[in-house]
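Spelled out, the chains give:
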Amino acid sequence: MANFIIVIDPDAKQRNEFINTVQPLISPVDGLVTNQCSTADFCAIWAADIHAPISQTADKTGAAVIWGDAIDSAKQERIDATLLRQLWCNIPEHRPCALDGFHAAVTYSLNAGLVLGADLLGLFPVYYYAGQNILLIGSSPELFRHHPDFKTELDPAGLVGLLLTNGLVNGHTLLKSVRRLPAGHLLIWHPKETSREWEQYKITPSRQYFDLPFSAHVEIMHQALDEAVSRHITPTDRYVQLLSGGMDSRMLAGYLHQKHANVATLTLGLSTDLEMQCAVPVARSLGFEHTTADISIDQYANFADLQSRWEHNCNGFSNIMDWGVYPHLKKIAPRLVAGYIMDPIIGGTHITWAFSHLNNSMSFGQFFKKLNGWGINPNLLTNLFHHKPFGELVQETVAQIEKTYKSLSDQESQRAWVFDLYHRQRFHTGSALWRYSFGAWPVVPVIDRKVLATMAGMPAATLTQRRAQQELLCAQFPKLAALPLD
């Protein structure tokens with residue numbers, strides 16, 4: 001993905017000085033190309049790989065930019081910046097369907113103001129600051145501090161959320177007045193109005209398939225995944241797939257092979273690693289070109305600096321090695337097709353988390369205990385933050401998490417599923433895609449409205465312990481299912 005920053009500032013001198021200051025700083029890593037799109041008080045600047053799919057348009061009345069693949073699933077077509085301006089011209093009076101694919105997009109009109117959104121799960125990071133007369137938006141909040149109207153202050157609520165869960169809670173970041181746009185929401189801004197987050201899409205759990213037999217569930221899942229791969233993969237592009245040899249990556253590789261996609265695979269690690277021993281036979285069975293790479297631990301200090309600087313720990317501080325992957329992707333193909341988040345969407349990870357093996361029940365307490373396992377115990381955190389305002393914020397944040405969790409569905413398993421996708425998977429797992437994008441643009445077929453709607457209608461018994469996913473793998477790709485698997 002691109003590292004972008006957008007500024008709307010009616011003070012032309014101040015706006016231009018900000019642009020000139022951040023432009024040479026906007027590339028987090030070497031080898032990226034910078035570009036910009038501007039009109040009137042609006043300017044968007046970004047740094048991206050030369051092959052990144054970016055569409056832009058601007059004239060005297062407004063502008064639009066799309067970073068990535070914005071797919072209209074109803075029309076089976078990719079949206080460009082010109083068409084986006086038409087689709088979003090009457091928001092919020094008109095509610096267009098949310099777009100599939102991994103992307104962020106913005107439109108600006110002198111009359112209607114700004115509309116900005118991202119993929120269905122909000123994996124593409126979007127942070128924003130709305131001042132009295134200015135608006136700052138970026139895929140990282142790091143460069144906001146260079147605007148003279150922006151004051152760098154700590155948000156205690158953001159810090160408490162991170163320490164409790166290793167991810168953001170309710171959009172609060174480490175910077176006061178800087179929010180991360182919630183998944184499924186558009187940011188709507190007009191100079192004469194207060195900025196607002198407008199819900200365009202949400203995962204809606206149902207009981208649509210509860211009365212069907214397990215065999216039907218597996219077939220319905222297969223159809224949804226098969227169609228999603230067809231929508232998100234184009235026959236003219238070349239892809240690199242990160243292949244661990246695990247269930248997600250080998251299943252995706254099977255679908256890609258069925259579609260005759262132009263794919264080469266990459267596995268990270270040493271020849272003695274279990275992942276390598278699983279991945280090699282999968283690539284060989286499918287006839288895919290297979291490359292291996294190892295990332296030296298000597299680079300980890302630099303990776304840690306990149307993550308803290310550009311992500312502000314908003315995605316926790318896990319998987320810093322991902323910053324070393326993009327150069328290897330860059331050598332193979334311009335696009336990365338990834339099975340990331342496939343397990344939590346179709347494999348039932350959330351149910352395994354939340355079920356008690358003692359009484360086979362599920363509750364918020366059990367789910368939060370697992371979520372908090374990546375953070376600091378609330379009682380300990382309260383003791384550490386014995387002074388105001390932190391002490392009260394710990395319990396308030398836990399209460400907010402519980403309220404959100406319970407609002408998602410009347411089924412405990414579905415509550416856990418949706419909350420996991422919007423939190424742990426969005427920040428921990430999904431954050432890798434932004435780092436990878438500087439080498440090859442991520443394509444994630446499960447970020448798809450039909451796939452999410454399908455899985456939102458499945459009963460817990462079908463998903464738990466990857467039951468349906470295992471059956472699907474065996475039914476559709478028996479040769480891959482027979483190979484060694486971790």
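It should be emphasised that the depicted structure is a prediction, and the values quoted were computed from it without experimental measurement.

The subject of this paragraph is the overall build of the chain. When you go through the chain residue by residue, the secondary structure sums to 19 helices and 20 strands. Against the globule reference of 23 Å for 486 residues, the chain gives a C-alpha radius of gyration of 22 Å, in line with a compact fold. C-alpha atoms of the chain, sized along the principal axes, occupy 65 × 55 × 50 Å. Across the chain, every contact between residues at least 6 apart in sequence was considered, and the portion connecting residues at least 24 apart equals 69%. Looking at the chain as shown, the accessible area adds up to about 19,800 Å², and 50% of this sits on carbon and sulfur atoms. Distance from the positive charge centre (39 side chains) to the negative charge centre (45 side chains) of the chain: 2 Å.

Another aspect to go through is the sheet that holds strand β16 (residues 262-268). Ordered in space as β17-β16-β15-β19-β20, the five strands form an open sheet in which the pairing is parallel. The outermost strands of the open sheet, each flanked by one partner alone, are β17 (289-293) and β20 (441-443). Pairwise comparison of adjacent strand axes, ignoring direction, gives a mean angle of 35° for this sheet. Packed on one face of the sheet, helix α5 (residues 247-258) meets β15 (238-242), β16 and β19 (335-337) and runs near 160° to β15. Sitting on the sheet, helix α6 (residues 274-286) is in contact with β16 and β17, with an inclination near 165° to β16.

This paragraph deals with unusual backbone geometry. With an omega of 10°, the peptide bond between Ile91 and Pro92 qualifies as cis. On the secondary structure map, Pro92 appears in the loop between α2 (81-87) and β8 (103-109). One non-glycine residue, Asn319, adopts positive backbone phi at about 55°. Within the secondary structure layout, Asn319 lies in the loop between β18 (314-317) and α8 (326-330).

What follows concerns the packing of helix α4 (residues 214-232) against α5. Viewed as axis vectors pointing N to C, α4 and α5 meet at an angle of 60°, and their least axial separation amounts to 10 Å. In terms of axis orientation, α4 runs oblique to α5. Viewed along their axes, α4 and α5 form a crossing whose handedness is right-handed. Contacts between α4 and α5 pair His222, Leu225, Asp226 and Val229 from the former with Met251, Leu252, Tyr255, Leu256 and Gln258 from the latter. Classifying every residue of the contact of α4 with α5 gives six nonpolar, two polar and one charged.

Here we take up the pattern of salt bridges. Inspection of the entire model under this criterion finds 20 salt bridges. Across the pair Lys330 and Asp49 runs a salt bridge whose closest N-O atoms are separated by 2.3 Å. With Lys330 in helix α8 and Asp49 in the loop between β3 (42-48) and β4 (54-59), this pair connects stretches of sequence that are 281 residues apart. For Lys330, a relative accessible area of 36% translates into the label partly exposed. Residue Asp49 is classed as buried on the basis of its relative accessible area, which comes to 6%.

It is worth spelling out the side chain of His217 at this point. Inspection of the secondary structure puts His217 in helix α4. One polar contact links the side chain of His217 to the main-chain carbonyl oxygen of Leu212, over a distance of 3.2 Å.

It helps to recall that an α-helix has 3.6 residues per turn; residues three or four apart then point in one direction. At Asp420, helix α14 (residues 412-429) shows its maximal kink, close to 45°. Counting buried positions over the 18 residues of α14 gives 16, a clear majority of the element.

Cut-offs applied
- Each chain has its residues counted from 1, running along the sequence as written.
- Given that the model is predicted, a residue must reach a pLDDT of at least 70 before its local features are reported, and side-chain atom pairs must reach 80 or more before they are shown or counted; all residues, however, enter totals for whole chains, interfaces and linings.
- To get the side-chain values, all heavy atoms of the structure are used, and hydrogens and water are removed first.
- Each helix corresponds to a stretch of at least 4 residues labelled H or I by DSSP, and each strand to a stretch of at least 2 residues labelled E; elements are numbered beginning at the N terminus.
- We take the radius of gyration over the C-alpha atoms and set the globule estimate at 2.2 Å times the residue count to the 0.38 power.
- Contacts were defined at the residue level, with two residues in contact if any of their heavy atoms lie within 4.5 Å.
- Surface accessibility in these figures is a Shrake-Rupley result with a 1.4 Å probe; residues are shielded only by whichever protein chains are displayed.
- Counted as positive: Lys and Arg. Counted as negative: Asp and Glu. His and the chain ends are not counted at all.
- To locate a charge, take atom NZ for lysine, CZ for arginine, CG for aspartate or CD for glutamate.
- Here the rule is simple: two strands pair whenever DSSP picks up at least two bridges between them.
- Helix axes are fitted to C-alpha atoms over the stretch in contact, other axes to C-alpha atoms as well, and angles between N-to-C directions run from 0 to 180 degrees.
- An angle below 35 degrees is read as roughly parallel, one above 145 as roughly antiparallel, one from 65 to 115 as roughly perpendicular, and any other as oblique.
- Put simply, a crossing is left-handed when the front helix is turned counterclockwise from the back one by less than a right angle, and right-handed when it is turned clockwise.
- Throughout, the ten residues Ala, Val, Leu, Ile, Met, Phe, Trp, Tyr, Cys and Pro are labelled nonpolar, Asp, Glu, Lys and Arg are labelled charged, and all others, Gly among them, are labelled polar.
- Every case where a carboxyl oxygen of Asp or Glu lies within 4 Å of a side-chain nitrogen of Lys or Arg is listed as a salt bridge.
- Each residue's exposure class comes from its accessible area (1.4 Å probe, protein chains only) as a fraction of the maximum for that residue type: buried when under 20%, exposed when over 50%, partly exposed otherwise.
- Each polar contact in these results corresponds to two N or O atoms within 3.5 Å; when the atoms are within protein, one needs to be able to donate a hydrogen and the other to accept it, and residues that are neighboring in sequence are counted only if both atoms are side-chain atoms.
- A residue's bend is simply the angle between two axes: one fitted to the seven residues ending at it, one to the seven starting at it.

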